[in-house]
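So the chains spell out like this:
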Number of protein chains: 2
Amino acid sequence: MQYSKSTDYALHALLHLGQSDRHNNVGIKELSVTLGVSESYLSKIMSKLRQDGIVRAVPGVNGGYELARPAEEITFLDVIQVIEGRQHLFECSNSNSQQHQLLAEAGDVPQEHERPKKIGCLVEKVMDGAEQHLHQYLREHTIQWVMDEAFKRCNHEVNKK
Amino acid sequence: MQYSKSTDYALHALLHLGQSDRHNNVGIKELSVTLGVSESYLSKIMSKLRQDGIVRAVPGVNGGYELARPAEEITFLDVIQVIEGRQHLFECSNSNSQQHQLLAEAGDVPQEHERPKKIGCLVEKVMDGAEQHLHQYLREHTIQWVMDEAFKRCNHEVNKK
DNA sequence: TAAATATGGACCCATGATGTCCATGATAAA
DNA sequence: TTTATCATGGACATCATGGGTCCATATTTA
């Protein structure tokens, strides 16, 4: 269970756009050279980012990509969800199995007018909780955060001299 | 990006072992019927859990599986790592690309005796932080926690009557 | 118009998840 | 000791997905 390379490419591409001098969009060629990945493949990824309103794209001569909104408003979670999809980290495959009947058995009120019970898998509940924590952290970190952090490190390095 | 079905099966199987009357191990047949999955496949999963010391297995007549330690000492993280492996959630595929050189460029001290710099990808750093939060939550939730929660719900249901 | 650029569809390949089948080995009951 | 029961592990089979290429098309600027 790992995030795909596409997510890697997407995040690094956005960082590059964030650093490039503003009002100058960056072509797919420059991006692909910088990241070390083919233009064809990177195009697909950038296209997804555009469809989701993370970047803007202009075709034609001197075209390219630029961030569609400020880097501090692009979170890691935004990017990950565009690339990886919005499915949950975990889905119980048999919510109506014997397993779950047993879990609810003791306090069960049998057939109190046929309602489907809607118990909800407790395993899933834990996993959903974990996912919420993961997402919260990813929401708190933006493209801008990485650039700021890099800048701070540079200063620190300079001061050491 | 999703946890596999095997993780699902493993967690539910352990719950079953946790609930079954103690000092009685449970055969693969009973487990497979309860979870609604084939014996063959579930065997593979149980075997992994055994190799990692989560469950014990005894062959022969009246054999089967039982928890190798108390249910409150089996965390979700334990189980997930056995099934999914211990690889990181994210690995930067090009830590020495031009991208990272640029990030470190401004404050760079060129060739101060050829050390490889060991910068470390900041994207990876964020992702590792996220992973730590995820793991912390999964460490705090055990098989026993789920059983306790199920018990509490039963009582609540009974009290409502 | 021509060159540069993004877009999207069709396709390919390797890998891993999911699952089956079978031979083997260990154990307890008869 | 024999036999039925049970776990183990290897060899496959199948299918979905990630990762990637190639090409035809549309759009824009010089």
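Above this note sits the structure.
This section reports on the structure supplied with the text. Predicted model only: the values in this text are computed from it and were never measured.

Remarks on the side chain of Thr34 of chain A
Examined against the element boundaries, Thr34 of chain A turns out to sit in helix α2 (residues 28-35). For Thr34 of chain A, a relative accessible area of 4% puts it in the buried group.

Some points on the protein's contact with DNA strand D
Taken together, the neighbourhood of DNA strand D is formed by 27 residues, with Ser4 and Ser38 of chain A together with Lys44, Ser47 and Arg50 of chain B sitting nearest. Taking all atoms of DNA strand D within 4 Å of the protein, the share assigned to sugar and phosphate is 62%. Here a phosphate oxygen of DNA strand D and a backbone polar atom of Lys5 of chain A are 3.1 Å apart. In this structure, a phosphate oxygen belonging to DNA strand D sits 3.1 Å away from a main-chain N or O atom of Ile28 of chain B. Counting only elements with at least two residues in the surface near DNA strand D, the list comes to α1 (5-19) and α3 (39-51) of chain A together with α3 (39-51), β1 (55-58) and β2 (64-67) of chain B.

Focus: the nonpolar core
Core analysis: the biggest nonpolar cluster contains 92 residues, and Leu14, Met46 and Leu49 of chain A together with Leu14 and Met46 of chain B have the highest contact counts within it. Met46 of chain B has contacts with Ala13, Leu17, Ile28, Leu31, Val55 and Tyr65 of chain B, leaving out every residue within four places of it along the chain.

Looking at α1 of chain A
When the terminal C-alpha atoms of α1 of chain A are compared, their 21 Å separation across 15 residues agrees well with the 21 Å that a helix rising 1.5 Å per residue should span. Extensive coverage of α1 of chain A is indicated by the burial of 13 of its 15 residues.

What to know about the protein's contact with DNA strand C
Taken together, 29 residues surround DNA strand C, and among them Lys44, Ser47, Arg50 and Tyr65 of chain A together with Ser38 of chain B come closest. Those atoms of DNA strand C that come within 4 Å of the protein belong to sugar or phosphate at a rate of 62%. In the model, a phosphate oxygen of DNA strand C is placed 2.8 Å from a nitrogen or oxygen of the Ser47 of chain A side chain. Where the surface near DNA strand C is concerned, the elements lending two or more residues are α3, β1 (55-58) and β2 (64-67) of chain A together with α1 (5-19) and α3 of chain B. Among the residues making up the surface near DNA strand C, the classes are represented as eleven nonpolar, 14 polar and four charged.

A closer look at the packing of aromatic side chains
Each aromatic ring pair is characterised by the separation of its centres together with the angle its planes make. All names here are of chain B. Counted according to the given criterion, the structure contains two aromatic pairs over all chains. On the numbers, 6.3 Å between centres and 90° between planes, the contact of Tyr9 with Tyr41 is edge-to-face. Here the residue Tyr9 occupies a position in helix α1, and Tyr41 occupies one in helix α3, the gap between them amounting to 32 residues. What makes Tyr9 buried here is its relative accessible area of 11%. In this structure Tyr41 comes out as partly exposed when scored by relative accessible area, which is 40%.

A closer look at the environment of Gly64 of chain B
Residues and elements named next belong to chain B. Among the secondary structure elements, Gly64 is positioned in strand β2. Relative accessible area serves as the criterion here: at 10%, Gly64 is assigned to the buried category. Apart from residues lying up to four places away in sequence, Gly64 is in contact with Asn25, Val26, Gly27, Arg56, Ala57 and Val58.

Description of the pattern of salt bridges
If the charged atoms of two oppositely charged side chains come close together, the side chains can form a pair. Applying the stated criterion across every chain, the model contains ten salt bridges over all chains. When the shortest N-O distance is used, the salt bridge between Arg86 of chain A and Asp52 of chain A registers 3.3 Å. Here Arg86 of chain A, found in the loop between α4 (76-84) and α5 (98-105), pairs with Asp52 of chain A, found in the loop between α3 and β1; they are 34 residues apart in sequence, far enough to count as distant. Here Asp52 of chain A falls in the partly exposed class, since its relative accessible area comes to 38%. Across the pair Lys125 of chain A and Glu149 of chain B runs a salt bridge whose closest N-O atoms are separated by 3.4 Å. Here Glu149 of chain B lies in helix α7 (residues 143-160) and Lys125 of chain A lies in helix α6 (residues 122-139), a pairing that spans two chains. Note on Lys125 of chain A: relative accessible area 38%, which makes it partly exposed.

Here is what the cut-offs are and how they apply
Numbers given to residues run from 1 along each chain, matching the order in which its sequence is written. A letter from A marks each chain and a number from 1 marks each ligand, given out in the order of writing. Residues qualify for local features only when their pLDDT is at least 70, as the model is predicted, and side-chain atom pairs are given and counted only at 80 or more; totals for whole chains, interfaces and linings, by contrast, use all residues. With hydrogens and water stripped out, all remaining heavy atoms of the structure feed into the side-chain values. Helix and strand assignments follow DSSP, with helices taken as H or I runs no shorter than four residues and strands as E runs no shorter than two, numbered in order from the N terminus. Residue burial is assigned from relative accessible area. The probe radius is 1.4 Å, only protein chains are included, and a residue is buried under 20% of its type maximum, exposed over 50%, and partly exposed in between. For this purpose, a residue is taken to be near a molecule or strand whenever a single non-hydrogen atom of the residue falls within 4 Å of it. Residues adjacent in sequence count toward polar contacts only when both atoms are side-chain atoms; beyond that, a polar contact is any pair of N or O atoms within 3.5 Å, and within protein one must be able to donate a hydrogen and the other to accept it. To form a nonpolar core, buried Ala, Val, Leu, Ile, Met, Phe, Trp, Tyr and Cys residues must be joined to one another through side-chain atoms within 4.5 Å. In this description, contact between two residues means that some pair of their heavy atoms is separated by no more than 4.5 Å. An expected span of 1.5 Å times one less than the residue number is assigned to each helix. Charged means Asp, Glu, Lys or Arg here, nonpolar means Ala, Val, Leu, Ile, Met, Phe, Trp, Tyr, Cys or Pro, and polar covers whatever is left, Gly included. Within 6.5 Å between ring centres, the rings of Phe, Tyr and Trp (the latter by its six-membered ring) count as paired, and their orientation is classed by plane angle as stacked under 30 degrees, edge-to-face over 60, tilted in between. Just to be clear on terms, a salt bridge is a Lys or Arg side-chain nitrogen sitting within 4 Å of an Asp or Glu carboxyl oxygen.

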